[in-house]
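# Architecture at a glance
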Amino acid sequence: MRFASHRDIARALERALRRAEVPVAFSAGFTPHPKISYVNAAPTGVASEAEYFEITLAEPAGHDEVRVRLDSALPDGLDVVEVVEAMPGGLADRLQASEWTVELPGVAPDDAAEAVAAFMAADTVEVERLTKKGRRRFDARAAVRYLRVDGRATGVRHETYAILRMVVRHTTPAVRPDDVVNGLRQVADLAPPSSPVMTRLAQGPLDDTSDTIADPLAAADAQADPVGRAQPAPLPSSPARSASDA
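A short tour of the structure in this document, coming up. Nothing here was measured: the structure is a model prediction, and the numbers come from that model. (Residues numbered from 1 in each chain as written. Predicted model: local features only at pLDDT ≥ 70, side-chain atom pairs only at ≥ 80, totals over all residues. Heavy atoms only, no water.)

### Focus: the sheet that holds strand β4 (residues 97-104)
Hydrogen bonds between backbone groups are what pair the strands of a sheet, and the pairing can be parallel or antiparallel. Sheet architecture is open: five strands sit in the order β2-β9-β4-β8-β7, paired in mixed fashion. Unpaired on one side and paired on the other, β2 (47-48) and β7 (144-154) mark the two borders of the sheet. On top of the sheet, helix α3 (residues 109-121) reaches β7 and β8 (160-169); it is set at about 175° to β7, its chief contact. Lying over the sheet, helix α4 (residues 177-188) contacts β4, β7, β8 and β9 (197-204), oriented at roughly 55° with respect to β4. (Pairing = 2+ DSSP bridges. Helix = DSSP H or I, 4+ residues; strand = E, 2+ residues; numbered from the N terminus. Contact = heavy atoms within 4.5 Å. Axes fitted to C-alpha atoms, helices over the stretch in contact; angles between N-to-C directions.)

### Regarding the packing of α3 against α4
Direction vectors running N to C along α3 and α4 enclose 90°, while the axes themselves pass 9 Å from each other. Here α3 lies roughly perpendicular to α4, going by the angle between them. For the pair α3 and α4, the contacting residues are A115, V116, A118 and F119 in the first and V180, G183, L184, V187 and A188 in the second. Here the residues of the contact of α3 with α4 are counted per class, giving eight nonpolar, one polar and no charged. (Parallel < 35°, antiparallel > 145°, perpendicular 65-115°, else oblique. Nonpolar A, V, L, I, M, F, W, Y, C, P; charged D, E, K, R; others polar.)

### Looking at unusual backbone geometry
Backbone torsion omega between T172 and P173 reads -5°, so that peptide bond is classified as cis. With respect to the secondary-structure elements, P173 resides in the loop between β8 and α4. The backbone of E21 shows a phi angle near 55°, a positive value even though the residue is not glycine. With respect to the element layout, E21 can be found in the loop between α1 (6-19) and β1 (36-39).

### Thoughts on the packing of aromatic side chains
Here the structure, examined in full by the defined rule, presents one aromatic pair. Their ring planes at 45° and their centres at 6.3 Å tell us that Y38 and F53 sit as a pair that is tilted. Linking Y38 in strand β1 with F53 in strand β3 (residues 52-55), this pair joins segments that are 15 residues apart in sequence. (Phe/Tyr/Trp six-rings, centres within 6.5 Å; stacked < 30°, edge-to-face > 60°.)

### Considerations on the environment of R137
The topology assignment puts R137 in strand β6 (residues 134-139). It is 5.6 Å that separates the C-alpha atoms of R137 and V127, two residues lying 10 residues apart in sequence. Residue contacts for R137: discarding those within four places in its chain leaves E126, V127 and E128. Of the polar contacts made by the side chain of R137, one reaches the side chain of E126; its length is 3.3 Å. (Polar contact = N/O pair within 3.5 Å; in protein donor to acceptor, adjacent residues only side chain to side chain.)

### Side note on α1
With 14 residues, α1 extends 20 Å between its outermost C-alpha atoms, agreeing within 8% with the 20 Å of an ideal straight helix rising 1.5 Å per residue. When we look at burial in α1, the residues that qualify are I9, A10, A12, L13, A16 and L17. For α1, the arc enclosing every buried residue in end-on projection is 165°, short of the 170-degree limit, so these residues lie on one face. Among the exposed residues of α1, those oriented more than 90 degrees off its buried face are R7, R18 and R19. In this structure, the buried side of α1 is in contact with β1, β3 and α2 (63-73). Looking at the residues trailing α1, positive phi occurs at E21, about 55°. (Expected span 1.5 Å × (residues − 1). Buried < 20%, exposed > 50% of the residue type's maximum accessible area, 1.4 Å probe, protein only. Arc of directions from axis to C-beta.)

All we've got here are geometric facts, nothing functional implied.
Okay, structure coming up:
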């Protein structure tokens, strides 16, 4: 599922909404579209356990009923974890930062720790990425609030490799975890021999004091009726997560 694009996920969601008979409102005009708003979709090739979207309903529906019906209609690997009533204000304003893990196969944890120290000590780390407007250079260091070697794992050849954990503030242009990996190459010549495995663990309001991320739906949960409050769906038994879990 990590290789499903945002367009693929959007199509799957719209089909699931029809199959689940969720009463989604549509826009007016000659080409009506379902009123669905996506926020900070994960890049293609990145897994995620914290994707969010908003839908407008044409009629009231219970939170848990919508979650169960929609989750059942989605393909394997796309899981609806929680449904709450939208609060006043934009959801995007509450998604201030993301927390990521990055597995670096073939990179020794000690080498990764040295590269992380060099990256965090730098004032700026400029990287280059191809965007819709062409190649663009930007500072990847300023957006990174927290970065460390979080652990180590053993690969199929019994080689120990590093796992990074980072908290990255949402900026314009967006700094992605692969930009941070490119930054490690810039400052410490750290070049993983194979593609890193990246997973978004959370996104939401950022606590500037502790560099931790809060639940962006917590306030809505507190205001929800206890009977209608959505309960987390059971996680799949497979360790693989979707590219965009809702």
